[in-house]
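The residues making up each chain are set out below.
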Amino acid sequence: MCGIVGYLGPSNPVPLIIESLRCLEYRGYDSAGIALLDDAQQLHVVKSAGKLQNLVDRLAAEGNVAPRGDGSNAVTTLFSAPNTQAASTTNGHTHLGMGHIRWATHGAANDVNAHPHMGTERQIAVVHNGIIENYYTLRQQLQAEGRTPVSETDTECIVQLLESNWAAKGRLETGSLEAFRKTVIETLGQLQGAFALVIMHRQFPETLWVVRRQAPLVIGIKDITNHASNKPAFGGEFVVASDTVAVIPHTNRIVFLKDDEVAELSTAGLRLMTQDGTVITPVIETVDASPLQIDKKGFRHFMLKEIHEQPDVIRQSLSGRLQHPEDPIQLFGASVDITALKAVDRLVVIGCGTSLNAGLVGKYAIEDLVGIPVSVESAGEYRYRRPIITPNTLVVAISQSGETADTLEAVRQTAKLGAKVLTITNREDSSLARESDYVLPVRAGIEVSVCATKSFTAQVVVLTLLAIQLAEMHESTPTACLQALKTELVRLPALLDSYLASDALGKIQEVAKTFSGFPNMLFIARGMNYPVALEGALKLKEISYIHAEGYSGSELKHGPIAMLDNTMPVMSILTPGTVFDKMVSNCQEAAARDARMIAVSSVEPLAENVASLFEAIIPLPACDEVLSPMLTSVPLQLFAYYIAEHLGKDVDQPRNLAKSVTVE
Ligand code: F6R
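None of the values given here were measured: they were computed from a predicted structure.

Procedures and definitions
- Residues numbered from 1 in each chain as written.
- Predicted model: local features only at pLDDT ≥ 70, side-chain atom pairs only at ≥ 80, totals over all residues.
- Heavy atoms only, no water.
- Pairing = 2+ DSSP bridges.
- Helix = DSSP H or I, 4+ residues; strand = E, 2+ residues; numbered from the N terminus.
- Phe/Tyr/Trp six-rings, centres within 6.5 Å; stacked < 30°, edge-to-face > 60°.
- Buried < 20%, exposed > 50% of the residue type's maximum accessible area, 1.4 Å probe, protein only.
- Lys NZ or Arg CZ within 6 Å of the ring centre and 35° of its normal.
- Near = heavy atom within 4 Å.
- Polar contact = N/O pair within 3.5 Å; in protein donor to acceptor, adjacent residues only side chain to side chain.
- Areas by Shrake-Rupley, 256 points an atom, 1.4 Å probe, with all protein chains shown as cover.
- Contact = heavy atoms within 4.5 Å.
- Axes fitted to C-alpha atoms, helices over the stretch in contact; angles between N-to-C directions.
- Domains from an automatic or database assignment.
- Buried area = accessible area lost by both parts, 1.4 Å probe.
- Salt bridge = Lys/Arg side-chain N within 4 Å of Asp/Glu carboxyl O.
- Core = buried A, V, L, I, M, F, W, Y, C linked by side-chain atoms within 4.5 Å.

Observations concerning the pairing of strand S13 (residues 269-274)
And step 1. Bridge analysis of strand S12 (residues 261-266) against S13 gives six bridges, and the strand direction is antiparallel. Among the inter-strand pairings, Glu264 is bridged to a residue of S13, identified as Arg271.
And step 2. Remark: two residues form the turn of the hairpin made by S12 and S13, two consecutive strands paired antiparallel.
And step 3. Pairing between S13 and strand S14 (residues 279-280): two bridges, direction antiparallel. Within S14, the residue paired with Met273 across the bridge is Val279.
And step 4. Taking the residues that link successive antiparallel strands as the turn, the S13-S14 hairpin has four residues, and the phi of Gly277 there is positive, at about 95 degrees.

So, the packing of aromatic side chains
And step 1. Summed over all chains, the structure comprises 10 aromatic pairs.
And step 2. Seen from their ring centres, Phe204 and Trp209 are 5.9 Å apart, and the 80 degrees between their planes marks the pair as edge-to-face.
And step 3. For Phe204, a relative accessible area of 8% corresponds to the buried category.
And step 4. By relative accessible area, which is 0% here, Trp209 ends up buried.
And step 5. Plain terms: the ring middles of Tyr641 and Tyr642 are 5.4 Å apart, the flat faces sit at 70 degrees to each other, and that makes the pair edge-to-face. The pair formed by Tyr641 and Tyr642 is uniform in burial state, with each residue classed as buried.
And step 6. Against the face of Phe256 rests Arg434, its NZ or CZ located 3.6 Å from the ring centre.

Quick word on the site of the ligand
And step 1. If you check the shell around the ligand, you find 14 residues, and the closest are Ser355, Ser399, Gln400, Ser401 and Thr404.
And step 2. Take Ser355: an N or O atom from its side chain is 2.6 Å from an oxygen atom of the ligand.
And step 3. Taking Thr404, its side chain carries an N or O atom lying 2.4 Å from an oxygen atom of the ligand.
And step 4. Contact with the protein chains covers 90% of the free accessible surface of the ligand, which is 400 Å².

Remarks on the pairing of strand S11 (residues 253-256)
And step 1. Sheet analysis places strand S9 (residues 218-222) next to S11, joined by three bridges and oriented antiparallel. In the strand pairing of S11, Val218 is matched with Phe256.
And step 2. In this structure, S11 lies alongside strand S15 (residues 285-286), joined through two bridges in antiparallel fashion. Looking across to S15, one finds that Arg253 is bridged to Thr286.

Things to note about the sheet that holds strand S7 (residues 193-201)
Two pairing modes exist for strands in a sheet, parallel and antiparallel, and in both the strands are linked by backbone hydrogen bonds.
And step 1. With antiparallel pairing, the seven strands of this open sheet are ordered in space as S5-S6-S7-S8-S12-S13-S14. Edge positions in the sheet fall to strand S5 (117-118) and S14, since each of these pairs with one other strand and no more.
And step 2. Across the face of the sheet, helix H8 (residues 177-190) comes into contact with strand S6 (124-132), S7, strand S8 (207-213), S12 and S13 while running at roughly 20 degrees to S8.

A look at the sheet that holds strand S23 (residues 569-574)
And step 1. The five strands lie next to each other as S22-S21-S23-S24-S25, forming an open sheet whose pairing is parallel. At either margin of the open sheet sits one strand with a lone partner, and together these are strand S22 (547-552) and strand S25 (616-619). Here the average twist between neighbouring strands, direction ignored, is 20 degrees.
And step 2. Two strands pair when backbone bridges link them, and strand S24 (residues 596-601) and S25 are joined in this way by four bridges, in the parallel orientation. Looking across to S25, one finds that Ile598 is bridged to Ala616.
And step 3. Contacting strand S21 (520-525), S23, S24 and S25, helix H18 (residues 504-515) runs over the sheet at an angle of about 145 degrees to S25.

A few points about the domain arrangement of the protein chain
And step 1. Partitioning the protein chain into domains gives domain 1 (3-286), domain 2 (295-501) and domain 3 (502-664).
And step 2. At the junction of the two partners, domain 1 supplies 13 residues and domain 3 supplies 11 residues.
And step 3. Of all residues in domain 1, the largest losses of buried area upon contact with domain 3 belong to Tyr26, Tyr29 and Trp103, amounting jointly to 49% of the total for that side.
And step 4. Across the contact surface, domain 1 and domain 3 share one salt bridge.

Focus: the nonpolar core
And step 1. One finds Phe523 and Phe639 to be the most contacted residues of the largest nonpolar core, which totals 92 residues.
And step 2. Ranked by the residues each element gives to this core, the list is headed by helix H16 (residues 454-474), at 12 residues.
And step 3. Look past the residues within four positions of Phe523 in its chain and what remains in contact with it is Ala533, Gly536, Ala537, Leu540, Ala548, Glu549, Gly550, Tyr551, Met571, Leu636 and Phe639.
And step 4. Counting residues in each nonpolar core, the second largest holds 29 residues, with Val46, Val245, Ile248 and Val287 among its members.

Observations regarding unusual backbone geometry
And step 1. Note that the residue after His115, namely Pro116, is joined by a cis bond; omega there is -5 degrees.
And step 2. For Pro116, the position within the fold is in the loop between strand S4 (95-102) and S5.
And step 3. The amide bond that connects Glu604 to the next residue, Pro605, takes the cis arrangement and shows omega of -5 degrees.
And step 4. Secondary-structure assignment places Pro605 in the loop between S24 and helix H21 (608-611).
And step 5. At Gln41, a position not held by glycine, the phi torsion is positive, near 55 degrees.
And step 6. Within the element layout of this structure, Gln41 appears in the loop between strand S2 (31-37) and strand S3 (43-49).
And step 7. Here the phi dihedral of Asn656 falls at roughly 70 degrees; this positive angle occurs in a residue that is not glycine.
And step 8. Topologically, Asn656 is positioned in the segment after helix H22 (629-646).

Looking at the environment of Tyr530
And step 1. Mapped onto the elements, Tyr530 comes out in helix H19 (residues 530-544).
And step 2. In this structure Tyr530 comes out as partly exposed when scored by relative accessible area, which is 23%.
And step 3. Considered as a pair, Tyr530 and Lys649 are 119 residues apart in the sequence and their alpha carbons are 27 Å apart.
And step 4. In this structure, Tyr530 is in contact with Tyr364, Ala525, Tyr551 and Ser552, ignoring residues within four places of it in sequence.

Listed below in structure tokens is the structure:
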């Protein structure tokens, strides 16, 4: 959902900003742009619709941006430098700049709507992540003043408003840094909505302002001249970004901005303020993370690589938590007080998209093993309902990114009501993790493909471990059953390893090719695998743009069956267990309507009368019903992948999507 970058320091800002934007490409790819200040204190903006590479090509071709103090007067010289270090200018000038990649909200994905935006007077430049809810009113006010917006964006209102406030109060004449600081603070008070901003003013070539309200923003501090973390100000070099991954290549000393904080970054140091201008002490944290390895490791797409990483991801997720089947599960470190978990009598699971589907799998496992009610809530809906939080309700937030705006807000509301919050995430440094009572990292490793695969499996592993640990604490399931489950869980990575090396993949590829021409598809399953049917349909729509829906097999006859004829493929998940016979009946009902039947089945062999219902059967190894979603989801991920690949779609960066959804 848009990625923003800011830089202030002695290095060449162009390659640094581009490389940082590259780390944020998962947040959007509708357009990219960069703004710099030249020696004559003129703001220069270069932007381009489409992926970051288009901006890179434009910068290389146009070469019309010269950062301060660079004698060459051409961005090409700066840009073609092999790395930031080599490109550093040592002439003592401070450089500053900002960059943006966009996920469009207001206005089409074109050059004009791309960020950075400047005001009519070209005094100020802004990059923004978030949504300004009162943008329409502001736009009308600004137009009445004679400021003509050139873009359709909400962001342009921010920069026009900053210029308007700056001019109106006569600060243009006084020109002091303090006056502009006041202008920034005053302007923020007029904005409604969510925003992370980087602001540059051409009159202040050694200062950047950064702001956060309900959108992520971190400040990386390089070369601190004063290492004491409890001092309010220190000099240095700063890299600002929407995500630590873009900062880590430069420094691991990070200030995580909180909502409604404003930071003024300059050669004189960092001045952190609340939104009323009160100076507060920044807390610098040392983050233990290595730079992002963006490498397909020989796979054609990140998605395929990430699907193949799943056995190792399960191993990582289990590591140290499930030592031996006879030992109790230990999800939480020894220092974490889990007494409150013993009393938990109800769970509310909150998430969006794939994480919501993982939550549904968790519901089946927890209700089955622990015998307590679990409600699974779509965060965007839940945040506008009246949350019902009883004294022993545990709220479980599930989010790969830990930054999903709806999930974050829904959780905040339950926390206000006194709920304990447990977050299951792939990002321990995320806003969600930082605001929770308990955090369970899923350890999936960075997921580059926008379409979630390994993070889903890892979330399901952690939820299953949570179900077993709660069952052990509540003594709600016989020990022998739990031990049998744990034994199988340990076997799972090897089972998946051999599956991914088997000729089942060739079969999936062949079936995918056969069915890639159908415009619609249904996915059906029952019990534990019903959420996998939802997830299978979601994967297919996301990357192939084929319309697909997931249903419980039992729901089919309550409406969707009307759509069935020989133009509708129905993908069915058949696993042994409590609902197998019921699922077979549902497949029979669909086959009787001439639907094009496909199955993913771990029943070997399928009885002749069942096998004959299907045009194609994708094999799968068998495992305990409770664990089966970790296996059944894999052929469905591959099915979606091979269809999208066959259709020539942009698998890793599907249209209209972004990996981190930080707007409502
Ligand atoms: C689908 C997908 C999305 C995310 C959803 C929530 O492949 O990735 O549906 O699952 O946007 O994101 P997180 O898990 O980051 O909260």
